Amino acid sequence: MLEDVVMPNGMNPEVLEHIMNPQNYGKLESPSGVGLGLDEKTGEYVVFYVEVKDEQLIRSRFATNGCQDTVVIGSMFTQMIEGKTVEYAKSALAKIDEKLGVVTPQQKICANMVLEAFIASLINIQNIQSGAKEEMHVTKMQESCEVEDV
Amino acid sequence: MSKLYQAKHELWLKVLYSSFAIANEKIKSDLYDFAMIQFRHLKWIGSDILANNQDYNYDRNFSLNKLESVHEIIHNLIVEIKSTQKAYAKTELFERVTTDENYLIEYCEEILKTQDLDIKVTAFNLERCYGNLSQAQIDAFSLFLFEESYKEYELILVYAWMQARTNDLLQFNVYQDLIDESQFHLKSFSNMMADLGILTLPRELHEMTYKITDLKKFIIAGIAEEEAAKEMCKALSRDINDEKLSKFFDFINYQESYHIALMKKLL
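Residues numbered from 1 in each chain as written. Chains lettered and ligands numbered in written order. Predicted model: local features only at pLDDT ≥ 70, side-chain atom pairs only at ≥ 80, totals over all residues. Heavy atoms only, no water.

## A word on the pattern of salt bridges
Residues and elements named next belong to chain B. Overall, the coordinates contain 16 salt bridges over all chains when judged by the stated rule. One salt bridge in this structure joins Asp-139 and Arg-128, with 3.0 Å as the shortest N-O distance. Within this pair, whereas Asp-139 is found in helix H5 (residues 135–163), its partner Arg-128 is found in the loop between helix H4 (92–113) and H5, the two being separated by eleven residues in sequence. Across the salt bridge formed by Lys-234 and Glu-231, the nearest N and O atoms sit 3.2 Å from each other. Here Glu-231 and Lys-234 lie together in helix H8 (residues 215–239), a separation of three residues that amounts to about one turn. For Lys-234, a relative accessible area of 36% puts it in the partly exposed group. Take Glu-231: its relative accessible area is 45%, and that puts it in the partly exposed class. Taken together, the shared-partner salt bridges connect Lys-151, Glu-154 and Glu-225 into one network. (Salt bridge = Lys/Arg side-chain N within 4 Å of Asp/Glu carboxyl O. Helix = DSSP H or I, 4+ residues; strand = E, 2+ residues; numbered from the N terminus. Buried < 20%, exposed > 50% of the residue type's maximum accessible area, 1.4 Å probe, protein only.)

## Describing the domain arrangement of chain B
Residues and elements named next belong to chain B. Here chain B is partitioned into domain 1 (1–121) and domain 2 (123–267). Each partner contributes residues to the interface: domain 1 has 26 residues there, and domain 2 has 28 residues. Across the domain 1 to domain 2 interface the summed buried area is about 2400 Å²; carbon plus sulfur atoms make up 63%. Between domain 1 and domain 2 we count one salt bridge in total. Of the charged contacts, one joins Asp-55 and Arg-165 as a salt bridge, the two residues approaching to 2.8 Å between their closest N and O atoms. Sorting the residues of the side of domain 1 that touches domain 2 by element identifies helix H1 (2–21) and helix H2 (25–51) as the ones contributing at least two each. Taken together, the residues that form the side of domain 1 that touches domain 2 break down as 16 nonpolar, four polar and six charged. (Domains from an automatic or database assignment. Contact = heavy atoms within 4.5 Å. Buried area = accessible area lost by both parts, 1.4 Å probe. Nonpolar A, V, L, I, M, F, W, Y, C, P; charged D, E, K, R; others polar.)

## A closer look at the environment of Ile-220 of chain B
All names here are of chain B. Tracing the backbone shows Ile-220 in helix H8. Under the relative-accessibility criterion, Ile-220 is labelled partly exposed at 46%. Sequence separation between Ile-220 and Ile-260 is 40 residues, and the spatial gap between their C-alpha atoms is 9.6 Å.

## Points about the interface of chain B and chain A
How big an interface is tends to be stated in terms of accessible area lost as the parts join. Contacts between the two partners involve 23 residues from chain B and, on the opposite side, 22 residues from chain A. The three residues of chain B that bury the most area against chain A are Arg-203, His-206 and Met-208 of chain B, which together make up 32% of that side's buried surface. The tally of links from chain B across to chain A stands at one salt bridge. At the boundary of chain B with chain A, the tally comes to nine residue pairs in polar contact (both at pLDDT 80 or more). Those elements that provide at least two residues to the side of chain B that touches chain A are H5, helix H7 (207–210) and H8 of chain B. Each residue belonging to the side of chain B that touches chain A can be placed in one class, and the counts come to nine nonpolar, four polar and ten charged. (Polar contact = N/O pair within 3.5 Å; in protein donor to acceptor, adjacent residues only side chain to side chain.)

The following block contains the structure:
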């Protein structure tokens, strides 16, 4: 499945479909974990909800105030991991990262925000299991989307 | 009441996107006016909710019906209005709302009686043709429209949220100006999306987007976004091989400049 992923580097039919009908967009009412990837400079964020049972990602949802690239990547990524194990999802992060070699710096930052939000949702689960009262885990992005074109 | 607010939010969008989807200029214009009335209803219902120390949100739970003919859209709209009306209370506000909507239903029923108006809807056909634009230009144009139509919808709702919660007259008036401007931009961009066959609803707003806790930070980020939109308009105006479209993007670019001036008044 990972081999079929096409990054949003053009307006092919798959990308158009993800833009017009983002998959898994929204929130979960009773998530196991909630993560936030936040770009403090621009105020852009991705919030990621996961429902995990027996180490399996039952459902995931995401929402963002960011650009269409973020929406497309979030839509693709949530489709990739749905129904898979947490371990698979973690390996998917590395594989999707490899694919980002061909996209613009802005698109890579958008993708990182989706991925960091996902990781933050897993950290949130761990923290809750350790007894912490954490509504969501927040990861502040190292890089901002406000980068120069290269 | 918050469920009713959600239903009215959805009905505003249903009337609005019916207007965008239909190519007949008279019906498009009339439905747009009705959509603006729906938006005012939403504002009044929101005010009542806040006055009763309750709150509402911008949750939504519907997708756009990609119907294929004018009569299908109009018939669907009548069904949606009647369904929403079942939840209305017997108050002065909802008497007004019902009167407005019953007039809209009568207007729609007149359209259904006229077979000549039942033409095919092309707003959802994904053809993506526009004058003499090349495929690369259409790609850039499409991306701009998806990006900016979401942004305008977001701004309308964020400013409406802030307007409903301020007692400052200057702020109230600036929010109103910004809402009006974004309504116009949303209309312009969405009608272009319909021309391209890619009409789609902007995605739902998460509460973190509209529950603004730091106005100054929000305005500064908003100004940066307006600057980015200006650059996109300039690039499209320069690169797109269509004189009419280039002039339109120049026009939008100048409007964005004044938005920044308006936003600075909020600082």
